Amino acid sequence: MRRALELARLAETAGEVPIGAVVTLDGRIIGEGENRNRRDNDPTAHAEIVALRSAALHLGDFRLAGCDIWVTLEPCPMCAGAISHARIARLYYGAADPKGGAIEQGPRLYAQPQCLHRPDVYGGIAEKEASALLRGFFAARR
Ligand SMILES: [Zn+2]
């Protein structure tokens, strides 16, 4: 999660919403990403998607079975869906996202019977740092 927070800070420096994500396998980082929506003009360039793509490229497999993902903010519906499609084993996230989250808020994707793969979920990891980053970012823009 320390690296995910570093990536979130890099995103902020680049004028992006400060969110970072890493994918690990057996405790080793095999993919990482930060929010790149503005830089890439890409609505799908959330930190989690960037990290999943980089891990899949690294493994040469679109299925990331046995891998974990660490993200500084509760994933949105798009990312929660991608994490499920990737067969990620465990999801660790920092701050809860009452507006855009899809894990323990709103759609609660993994609680739906139609969801075929549900990772184990651990929220509130380094929550203080993750939410302070986001609060600072949005306060500076008001
Ligand atoms: Zn997302």
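The shown structure was predicted, so the numbers you read here are calculated from the model rather than taken from an experiment.

## Here we look at the packing of aromatic side chains
Summed over all chains, the structure comprises three aromatic pairs. When the centroid spacing of 3.9 Å and the interplanar angle of 10° are considered together, the rings of W70 and Y92 count as stacked. With a gap of 22 residues between them, W70 in strand β3 (residues 68-73) and Y92 in strand β4 (residues 90-95) connect regions that are remote in the sequence. Geometrically, the ring pair formed by Y92 and Y122 is stacked, given 5.0 Å between the ring centres and 20° between the ring planes. You can see Y92 sitting in strand β4 and its partner Y122 sitting in strand β5 (residues 120-122), a full 30 residues away along the chain.

## Let's talk about the UniProt feature "active site" (unreviewed entry) in the chain
As recorded in UniProt, the feature "active site" (unreviewed entry) lies at E48. Within the fold, E48 resides in helix α3 (residues 47-59). Given a relative accessible area of 4%, E48 falls into the buried group. Those residues in contact with E48 that lie beyond four places of it in its chain are A21, I69, V71, L73, P75, C76, C79 and I83.

## Observations regarding helix α5 (residues 127-140)
Compared with the 20 Å implied by 1.5 Å per residue over 14 residues, the 20 Å span of α5 between its first and last C-alpha is a close match. Within α5 the residues assigned to the buried category are A130, S131, L133, L134 and F137. Viewed end-on, α5 has its buried residues packed into an arc of 150°, placing them on one side of the element. Pointing more than 90 degrees away from the buried face of α5 are the exposed residues K128, R135 and A140. On the buried face of α5, the contacting elements are α1 (2-13), β3 and β4.

## Some thoughts on the coordination of the zinc ion
At this site the zinc ion is bound by H46 (ND1), C76 (SG) and C79 (SG), with donor distances of 2.0 to 2.4 Å. Along the chain, the residues that donate to the zinc ion are spaced as H-x29-C-x2-C. Accessibility classification places C76 together with C79 in one group, the buried group.

## Some points on α3
Given 3.6 residues to a turn, an α-helix orients residues that are three or four positions apart in the same direction. The end-to-end C-alpha distance of α3, which contains 13 residues, comes to 18 Å, matching closely the 18 Å that a straight helix rising 1.5 Å per residue would cover. Buried within α3 are the following residues: A47, E48, I49, V50, A51, L52, A55 and A56. Of the surrounding secondary structure, the elements contacted by the buried residues of α3 are β1 (20-25), β2 (28-34), β3 and α4 (77-85). Where α3 terminates, the next one or two residues include G60, which has phi positive at roughly 65°.

The rules we used
Residues numbered from 1 in each chain as written. Predicted model: local features only at pLDDT ≥ 70, side-chain atom pairs only at ≥ 80, totals over all residues. Heavy atoms only, no water. Phe/Tyr/Trp six-rings, centres within 6.5 Å; stacked < 30°, edge-to-face > 60°. Helix = DSSP H or I, 4+ residues; strand = E, 2+ residues; numbered from the N terminus. UniProt positions renumbered as here; feature names shortened; annotations may be inferred. Buried < 20%, exposed > 50% of the residue type's maximum accessible area, 1.4 Å probe, protein only. Contact = heavy atoms within 4.5 Å. Expected span 1.5 Å × (residues − 1). Arc of directions from axis to C-beta. Donors = N, O, S within 2.8 Å, 3.2 Å for Na, K, Ca; no water.

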